[in-house]
Amino acid sequence: MTTPSRTSTGTADPTRGRWLLAGAAVLLQLALGAVYAWSVFSKALQKDDNAFDLSKAQAALPFSVTIAMIFLGTYLGGRVQDRRGPRLVALTGGVVYSAGILLASAASDDGDLWLLILGYGVIAGFGLGLGYIVPIAMLQKWFPDKRGLITGIAVGGFGFGAVLTSPIAQALVDHYKEVPTRSFLWLGIGYLVMVLIGGSQFRNPPEGYAVPGRRPATTGRVVESDRDFTQAEALRTRQWYLLTAVLALNVTAGIALISVVASAAEDIAGYSAAAASTLTGIMGLFNGGGRVFWGWFSTHTGRMTAFLGMLGLQGVCFLILPHASAAALFAVLAAVIYLCYGGGFGTMPATAGDFFGLREAGAIYGLMIVSWSAGGVIGPLLVAWLITGDDYVIAFTTIGVMALAAMVLPLLTRPPAPAAPPPPAQDAAAAA
């Protein structure tokens, strides 16, 4: 029998097992983040030697719908998990996500594009949103002493999902050359196993849970709210809208590059098609790593200082990027942008927890994910509209100026005012 770990006072340690939950959360997020490997399938579906031969716009549709559906899933998942617990929502989201991927495997030619959009886009996107929000809210409750680091880890798994999945997906696509969508059958089964194992471990800490020796941060670079806001109360504060705008602009900048990084590498820095594809895969490591790094870094510098850094670095890098004809310089600038893009997702959940408390963290941050869907549409459309042939100067300069201008938002954002102290008790006799 395993002896429970104990604190210095001899009592059972209430935090025992919480790192196992973190591992389970990463496993779930790896499966969900695999959705970002769509570029492998997009490229295959555009080839003229298989049953699809889709146009670039057609091949982009399933993934675009996925990103749009994430917000609906996080909105509902955040509300339900705060009331019914994380396990039910995580398992439901994971099963729905896997079912959508499996349904996409039934598409056999270009006439079944609607089936790809329904399965990979609508169903998988909704399930992804349901599952994505759960570990973020749950782990903040288990790790109030490491809020920035743990949210970075929670969403870092999502960022690394595509990195791990892409080579597997490529091998499957090469095997099923005539009908590349057959790959989704094996991937869907794999995702289902991962989400069932990970999600089955989820649980909230017991009532009254506290980390031994830890006190809420009321001063310093990170200040935690002295009360738990409801979702309705958070929406009545200016801070919720400022934070959502900060995340939306950070997403818009980062995803603008993500949407064109391969072609930009070829046109600006002279990468070959194969080298540009390799670069795209490597950049996924910086997306995932940025979620962990900035989440941890923000704990030491302050959340708004971290966002100033992310937006400022992206702005400067975008201004230089269209002139980066050296392959190494282009790669470094792109890596910094990817780091900052991922960092927004690693830092904002902890920021929302600091500002609004943890009781309804899932619902409050779940609504903020509208910025992901908005940025995921605006960024790629804006940069595609501004690119002229192989000239990226206007496009990237515009994005850079936008990111630098957005730095004013963190400067304006301060935590909500502390709760008013209760009125002093009046002496009954004096009151009479």
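Since the model is a prediction, treat every value here as computed from it, not as a measurement.

Colleague: Before we go on, may I ask you to explain the overall build of the protein in this structure?
Modeller: In terms of helices and strands, the protein carries 18 helices and zero strands. At 23 Å, the protein has a C-alpha radius of gyration in line with the 22 Å of a compact globule built from 432 residues. Along the longest, intermediate and shortest principal axes, the C-alpha atoms of the protein span 90 × 50 × 40 Å. The buried share of the protein, taken over its 432 residues, is 52%. Taken as two groups, the 26 positive and 23 negative side-chain charges of the protein have centres that lie 13 Å from each other.

Colleague: Even after reading the chapter, I still don't get the environment of Ile258, so can you show me in this structure?
Modeller: Inspection of the secondary structure puts Ile258 in helix α9 (residues 238–258). Residues Ile258 and Tyr75 lie 183 residues apart in sequence; the distance between their C-alpha atoms is 25 Å. With near-sequence residues (within four places) excluded, Ile258 lies in contact with Tyr338 and Tyr341.

Colleague: Before we go on, may I ask you to explain the packing of helix α6 (residues 147–175) against helix α7 (residues 183–199) in this structure?
Modeller: Each packed pair of helices is defined by two parameters, the angle between the axes and the distance between the axes. Their axes nearest at 9 Å, the elements α6 and α7 cross at an angle of 145°. For the pair α6 and α7, the crossing hand works out as right-handed. Residue-level contacts link Thr165, Ile168, Ala169, Leu172 and Val173 of α6 to Ser183, Trp186, Leu187 and Tyr191 of α7. A per-class count over the contact of α6 with α7 returns seven nonpolar, two polar and no charged.

Colleague: How should I be thinking about a negative patch on the surface in this particular structure?
Modeller: Side chains of Asp48, Asp49, Asp53, Asp110 and Glu178 sit close together on the surface and give a patch of like negative charge. Mapped onto the elements, Asp110 comes out in the loop between α4 (86–104) and α5 (113–142). With relative accessibility at 46%, the residue Asp110 sits in the partly exposed group.

Colleague: Is there a simple way to explain α4 in this structure?
Modeller: Two residues of an α-helix separated by three or four positions point the same way, owing to the 3.6 residues in each turn. Compared with an ideal rise of 1.5 Å per residue, which puts 19 residues at 27 Å, α4 spans 27 Å between its outermost C-alpha atoms and is within 8% of the ideal. By the burial criterion, the buried members of α4 are Pro86, Val89, Ala90, Gly93, Gly94, Tyr97, Ser98, Gly100, Ile101 and Ala104. Down the axis of α4, the buried set is contained in an arc of 155°. They therefore lie on one face. The secondary structure elements touched by the buried residues of α4 are α1 (18–33), α3 (56–84), α5 and α7.

Colleague: Can you help me understand unusual backbone geometry in this one?
Modeller: What is expected of a backbone is that most residues other than glycine have negative phi and most peptide bonds are trans. Positive phi values are uncommon outside glycine, yet Asp53 reaches one of about 50°. Structurally, the position occupied by Asp53 is in the loop between α2 (38–45) and α3.

Colleague: Just to check I follow, could you spell out a nonpolar patch on the surface for this structure?
Modeller: A cluster of nonpolar side chains, namely Val316, Leu319, Ile320, Leu329, Val401 and Leu404, defines an oily patch on the protein surface of about 430 Å² accessible area. Counting only elements with at least two residues in the nonpolar patch, the list comes to α12 (303–320) and α16 (393–405). With three residues, α12 is the single largest residue contributor to the nonpolar patch.

Colleague: Just to check I follow, could you spell out the layout of surface pockets for this structure?
Modeller: Left-over empty space is what a probe sized like a water molecule reveals as it rolls over the atoms. Looking at the largest pocket, its volume works out to about 1800 Å³. Along the walls of the largest pocket sit 47 residues, with Ser39, Ser42, Ile258, Ser259 and Thr280 positioned nearest its centre. Of all elements in the fold, only α2, α3, α6, α9, α10 (261–269), α11 (273–301) and α15 (370–386) reach the threshold of two or more residues within the lining of the largest pocket. In terms of residue class, the lining of the largest pocket is built from 28 nonpolar, 15 polar and four charged.

Colleague: Please clarify how the nonpolar core should be interpreted in this entry.
Modeller: In a soluble, globular protein the nonpolar side chains are often hidden away together inside. Within the largest apolar cluster, 89 residues are counted, with the highest numbers of intra-cluster contacts made by Tyr36, Tyr132, Phe356 and Trp372. The leading source of residues in this core is α5, at 15 residues. If you look at the next biggest cluster of nonpolar residues, it comprises 32 residues, including Val261, Ala269, Ala334 and Ile337.

Colleague: Sorry, what's going on with the environment of Ala245 here?
Modeller: Tracing the backbone shows Ala245 in helix α9. C-alpha separation for the pair Ala245 and Thr299, spaced 54 residues apart in sequence, amounts to 21 Å.

Basis of the calculations
- Starting from 1, residues in each chain are numbered consecutively following that chain's sequence as written.
- Local features in this predicted model are restricted to residues whose pLDDT is 70 or higher, and side-chain atom pairs enter the listing and the counts only when it is 80 or higher, whereas totals over whole chains, interfaces and linings include all residues.
- Hydrogens are left out, water is left out, and the side-chain values use all remaining heavy atoms of the structure.
- Here a helix means four or more residues in a row that DSSP labels H or I, a strand means two or more in a row labelled E, and each is numbered from the N terminus.
- Here the globule rule is a power law, 2.2 Å times the number of residues to the power 0.38, and the radius of gyration is based on C-alpha atoms.
- Buried means the residue's accessible area, taken with a 1.4 Å probe over protein chains only, is under 20% of the maximum for its type, while exposed means over 50%, and partly exposed covers the values in between.
- For this count, His and the chain ends are skipped, Lys and Arg are scored as positive, and Asp and Glu as negative.
- Taken as the charge centre is NZ of Lys, CZ of Arg, CG of Asp or CD of Glu, depending on the residue.
- Residues count as neighbours in contact if any of their non-hydrogen atoms are within 4.5 Å of one another.
- Axes here mean lines fitted to C-alpha atoms, for a helix over just the part in contact, with angles spanning 0 to 180 degrees between N-to-C directions.
- Handedness of a crossing is defined here by the sense of rotation of the near helix relative to the far one, left-handed for an anticlockwise turn of less than a right angle and right-handed for a clockwise turn.
- Under this grouping Gly is polar, as are all residues other than the nonpolar Ala, Val, Leu, Ile, Met, Phe, Trp, Tyr, Cys and Pro and the charged Asp, Glu, Lys and Arg.
- Candidate patch residues must exceed 30% relative accessible area and have no salt bridge, after which like charges are joined if within 9 Å and Val, Leu, Ile, Met, Phe, Trp or Tyr side chains if within 5 Å.
- Per-residue and other accessible areas follow the Shrake-Rupley method at a 1.4 Å probe size, with only the shown protein chains counted as cover for residues.
- The term salt bridge refers to a side-chain nitrogen of Lys or Arg lying within 4 Å of a carboxyl oxygen of Asp or Glu.
- Under the convention used throughout, the expected extent of a helix is 1.5 Å for every residue step, that is, one less than its residue count.
- Think of it as the arc spanned by the lines of direction from the helix axis to the C-beta atoms.
- The method works on a 1 Å grid over the protein atoms by themselves. A cavity is a set of points holding a 1.4 Å probe that cannot get out, a pocket is an open set with protein on both sides within 12 Å along at least five of seven lines, and residues with an atom within 4 Å of a point line them.
- Grid points are joined across faces, edges and corners, and a volume is the space filled by probe spheres set on the points.
- To define a nonpolar core, start from buried Ala, Val, Leu, Ile, Met, Phe, Trp, Tyr and Cys residues and group those joined through side-chain atoms within 4.5 Å.

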